[in-house]
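As a plain string of letters, each chain reads:
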Amino acid sequence: MMTVQANKSAAAIDKIDLDAPIFDPKAFRLNDEQAAIVGSARQLGQTVFAGRAAAYDRDAIFPTENYRDLHRAGLLGIAIPKKHGGLGADYQTYAISAAEIGRYCGATALTWNMHVCSTLWSGPLADDLEMDAATRAEHEQRRAMHYKRIVDDGAVYSQPFSEGGAAAAGGVAFGTEAKPVKGGWLVNGKKIFASLSGHADYYGVLCTEIAEGEKASRRNTLYLALPAKADGVSVVGDWDPLGMRGTVSRTLLFKDVFVPEDAALMPRGVYFQAAMRWPHMFLTLSPTYVGLAQAAYDFTVRYLRGEVPGTPPVKRRMYPTKQIAVAQMQIKLEQIKAIWFQAVTEAAANPSKEQVLRAYAAQYSAMEGANEIATLAIRTCGGQAMLKSLPLERIYRDSRCGSLMLPWTAELCLDRIGREALYETGESDE
Ligand SMILES: Cc1cc2nc3c(=O)[nH]c(=O)nc-3n(C[C@H](O)[C@H](O)[C@H](O)COP(=O)(O)OP(=O)(O)OC[C@H]3O[C@@H](n4cnc5c(N)ncnc54)[C@H](O)[C@@H]3O)c2cc1C
C-alpha cells in the first residue's frame, strides 16, 4: 500500500510559525486544559497533516499515517474519559479541535469525526441519558473494552450510517438488521458512503434489532461495533469523488456477520433516546467545515499579501476589489464562527426549541458558508491560485461536500427550521 511521509523534519517543525487559533482561548473563554488539547490538534494539523493532504487527495487514499500520529498524540482518545486513559475532552473541546484539524486536512478531520463519535456518543453523551443502574453498569463495562482498544492499540472506529434510503435522514428504521441469536446478533445489510471503509478496525454500524416476525422500528436501533475482519464483512465499489477523497467512503456489505453482545456501543433503546434528546449529536460533522472556511480565508490573505510559500512574492492587496472581497470573507467567517461556537457550547441533553433551531442554523451556516468563502477565495485570488500545486482548489472541492451530509443536509436543515419555527409539536392546519 502506498504511504505518505511527512515532508518536514523535527528541526523544521520547530521553525514553523504556528497559525493563530481559530478560536482564541482568551476571547472565547477556553480554559487552559481546553486550550492545550486544541493547541496540540492545531500543531499536528499545521506541521504534519498539511504537508500530506495533497497526496491523500490526489490518489484518494486514506490518511493512515495521520491516524498513527493522532494515536501518538492521544487524540484518538480525545473524548474518552480520563479514567479510561483518554483526554476527557467535552463536546465543545472536541469540536474546536476538529475544526483545527479540518483547516489543514479536511479528509482527516471528517473521518476523525466518525471515529471520535464512537467515543463521544458512548461516553459523555450516553452519561446524559436515562438508563437503569444495571444497564449503566453493563454499558460501563462494555465501553471500557472499546476504549482500551483505542487508547492502548490505536484501534480506529468508523460510523457507517447511510443506506441510500430514508433511514439516514431519520425517517424510517435502518434497513441493516441485527437478528438476536445466542450470545449476540447476526447482522445483515448494506451501508453506502462508509468513510474509513477498508481502513477502520471496527465499523460502528447503526442497525435495527428485529427478532423473527417483528416489525422494524426506529426505537430498536442498535449501534454495534463490527470488527472489520469479521466473516461476512466486505468492502465493495470504487471511490473517485469530487472532494473529501481521502475519506475512502466505499460501500460496506454485511452477510450473516456474528457479533457478540459486548459489540454494543450503546445499550438497547439508548441510540433512539439520544436522537430524540441530544440532537447536537448530529452537529459533529460541521467542525471540519469551519476549519475549511478558516483555511480558505487564511489562504486568501496570504496570497494577496504575496506570502504563500512556493509562489512569487507578488502583492495583490492594493486593489479595492480585493479588499472588499476579503472584507466579505471575513464577515462571513465571523458569522459562521459566532453561531457555530454558540451551538457547540450549548450542546447538551434536552435543548430548548431555540437551541435546536440554532443548531440547524449553525450546521447550515458552516456547511454552506465554507464553500461560499472558498468560492470567493478562488474568484479573488485568480487563476494561478486554483492550480493543484496549491491547497485552495482542494479546500474548494472538500467544502462542496459539507451540505450533503445526512441527517442534517443543508436542505433538511432549511426544511426543519421552517417547519419547526412555524409549528409547535403536534400542531397541524387540519
Ligand atoms: C465525503 C463523504 C463522506 C461520507 N461519510 C459518511 C460516513 O462515514 N457514514 C455515513 O453514514 N454516511 C457518510 N456519508 C453520506 C452522507 O451522509 C449522505 O448519506 C450521502 O451523501 C447521501 O447521499 P444520497 O445521494 O444517497 O442522498 P439521498 O438520500 O438520495 O438524498 C438526496 C438529498 O435529498 C434530501 N433529502 C433526503 N431525505 C430527505 C427527506 N426525508 N426530506 C427532504 N429531503 C430529503 C437531502 O438534502 C439529500 O442531500 C458521506 C458522504 C460524503 C459526501
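Higher on the page you've got the structure.
What counts, and where the lines are drawn
Residues numbered from 1 in each chain as written. Predicted model: local features only at pLDDT ≥ 70, side-chain atom pairs only at ≥ 80, totals over all residues. Heavy atoms only, no water. 1 Å grid on protein atoms, 1.4 Å probe; cavity = no way out; pocket = protein on both sides within 12 Å on 5 of 7 lines; lining within 4 Å. Points joined across faces, edges and corners; volume = space filled by probe spheres on them. Helix = DSSP H or I, 4+ residues; strand = E, 2+ residues; numbered from the N terminus. Nonpolar A, V, L, I, M, F, W, Y, C, P; charged D, E, K, R; others polar. Near = heavy atom within 4 Å. Polar contact = N/O pair within 3.5 Å; in protein donor to acceptor, adjacent residues only side chain to side chain. Areas by Shrake-Rupley, 256 points an atom, 1.4 Å probe, with all protein chains shown as cover. Sits in = over half its atoms within 2 Å of the grid points. Axes fitted to C-alpha atoms, helices over the stretch in contact; angles between N-to-C directions. Parallel < 35°, antiparallel > 145°, perpendicular 65-115°, else oblique. Left-handed = near helix turned anticlockwise from the far one by under 90°. Contact = heavy atoms within 4.5 Å. Phe/Tyr/Trp six-rings, centres within 6.5 Å; stacked < 30°, edge-to-face > 60°. Buried < 20%, exposed > 50% of the residue type's maximum accessible area, 1.4 Å probe, protein only. Expected span 1.5 Å × (residues − 1). Disulfide = S-S within 2.5 Å. Pairing = 2+ DSSP bridges.

*Asks:* What should I look at first to understand empty space enclosed by the protein in this one?
*Replies:* Gaps between atoms show up when a probe of the same size as a water molecule is rolled over them. Inspection of the entire model under this criterion finds two cavities of 30 Å³ or more. In this structure, the largest cavity is lined by Ala53, Tyr56, Asp57, Cys105, Gly106, Ala107, Met244, Arg245, Gly246, Arg394 and Asp398. Counting residues per element, the ones that place at least two in the lining of the largest cavity are helix H2 (32–59), helix H5 (106–127) and helix H11 (392–400). No other element matches H2, which puts three residues into the lining of the largest cavity. Split by residue class, the lining of the largest cavity holds five nonpolar, two polar and four charged. By volume, the second largest cavity is sized at about 30 Å³. Every residue lining the second largest cavity is listed: Gly102, Arg103, Tyr104, Cys105, Gly106, Leu292, Arg394, Ile395 and Asp398. Considering each element in turn, the lining of the second largest cavity owes the most residues, three residues, to H11.

*Asks:* Honestly, the site of the ligand in this entry has me stumped. Any pointers?
*Replies:* The immediate surroundings of the ligand are formed by 18 residues, with Phe161, Ser162, Phe193, Thr409 and Glu411 found nearest. Contact between the ligand and Phe161: an oxygen atom at 2.7 Å from a main-chain N or O atom of the residue. Contact between the ligand and Thr409: an oxygen atom at 2.7 Å from a side-chain N or O atom of the residue. If the ligand stood free it would expose 970 Å²; the protein chains cover 71% of that surface. Counting atoms within 2 Å of the grid points, the majority share of the ligand lands in the second largest pocket.

*Asks:* What am I meant to see in the packing of H2 against helix H4 (residues 91–102) here?
*Replies:* For any two helices packed against each other, one specifies the crossing angle of their axes together with the interaxial distance. Relative to each other, H2 and H4 sit at 15 degrees, their axes nearing to 8 Å. As summarised for this structure, H2 and H4 are arranged roughly parallel, according to the angle between their axes. Along this stretch, H2 crosses H4, giving a crossing that reads as right-handed. The residues of H4 that touch H2, namely those facing Gln34, Ile37, Val38, Ala41, Arg42 and Phe49, are Gln92, Thr93, Ile96, Ser97, Glu100 and Ile101. Split into classes, the residues belonging to the contact of H2 with H4 amount to six nonpolar, four polar and two charged.

*Asks:* Help me understand the packing of aromatic side chains in this model?
*Replies:* Think of a pair of aromatic rings as described by two things: how far the centres are apart, and how the planes are tilted against each other in angle. The final tally for this structure, using the stated rule, is 17 aromatic pairs. Ring centres 5.3 Å apart and planes at 80 degrees place the aromatic pair Phe161 and Phe174 in the edge-to-face group. Taken as a pair, Phe161 in the loop between strand E1 (157–158) and strand E2 (177–181) and Phe174 in the loop between E1 and E2 lie far apart in primary sequence, 13 residues in all. Exposure remark for Phe161: the relative accessible area of 10% places this residue in the buried category. Through pairs of rings, three or more aromatic residues link up here, namely Trp121, Phe161, Phe174, Tyr223, Tyr271, Phe282, Tyr360 and Trp408.

*Asks:* For this particular structure, what's the right way to read helix H9 (residues 320–345)?
*Replies:* Since one α-helical turn is 3.6 residues long, residues separated by three or four positions face the same way. With 26 residues, H9 should cover 38 Å at 1.5 Å per step; its first-to-last C-alpha distance of 37 Å lies within 8% of that length. Contacts from the buried residues of H9 go to H4, helix H8 (287–304) and helix H10 (353–381).

*Asks:* Hey, could you run me through the state of the cysteines in this one?
*Replies:* Every disulfide links exactly two cysteines, by a covalent bond between their sulfur atoms. Considering all chains together, one arrives at zero disulfides under this definition. No disulfide involves Cys117; its nearest neighbouring cysteine sulfur is the one of Cys413, lying 16 Å away.

*Asks:* Explain the environment of Ala216 here, please?
*Replies:* Along the polypeptide, Ala216 turns up in the loop between strand E4 (202–209) and strand E5 (221–227). Assessed through its relative accessible area of 46%, Ala216 is described here as partly exposed. For the pair Ala216 and Tyr67, spaced 149 residues apart in sequence, the C-alpha to C-alpha distance is 36 Å. In this structure, Ala216 is in contact with Ala173, Thr208 and Ile210, ignoring residues within four places of it in sequence.

*Asks:* Is there a simple way to think about the pairing of strand E3 (residues 184–194) in this case?
*Replies:* The side chains of a regular strand alternate between the sheet's two faces. Examined bridge by bridge, E2 and E3 share five bridges and lie antiparallel to one another. Paired with Pro180 across the bridge in E3 is Trp185. Linkage of E2 to E3, two consecutive antiparallel strands, is achieved through a turn of two residues, within which Gly183 is found at a positive phi near 80 degrees. Here E3 runs beside strand E7 (residues 250–260); their pairing, made up of eight bridges, is antiparallel. Directly across from Gly184, in E7, lies its bridge partner Pro260.

*Asks:* What should I look at first to understand the side chain of His84 in this one?
*Replies:* Mapping His84 onto the fold places it in the loop between helix H3 (64–72) and H4. What makes His84 buried here is its relative accessible area of 18%. Once residues within four sequence positions are removed from consideration, His84 is found in contact with Glu140, Ala144, Tyr147 and Val151.

*Asks:* Quick question: what am I supposed to make of unusual backbone geometry here?
*Replies:* With omega at 10 degrees, the peptide bond leading from Leu406 into Pro407 counts as cis. Mapped onto the elements, Pro407 comes out in the loop between H11 and helix H12 (410–422). For Asp256, which is not a glycine, the phi torsion comes out positive at approximately 50 degrees. With respect to the element layout, Asp256 can be found in strand E7.

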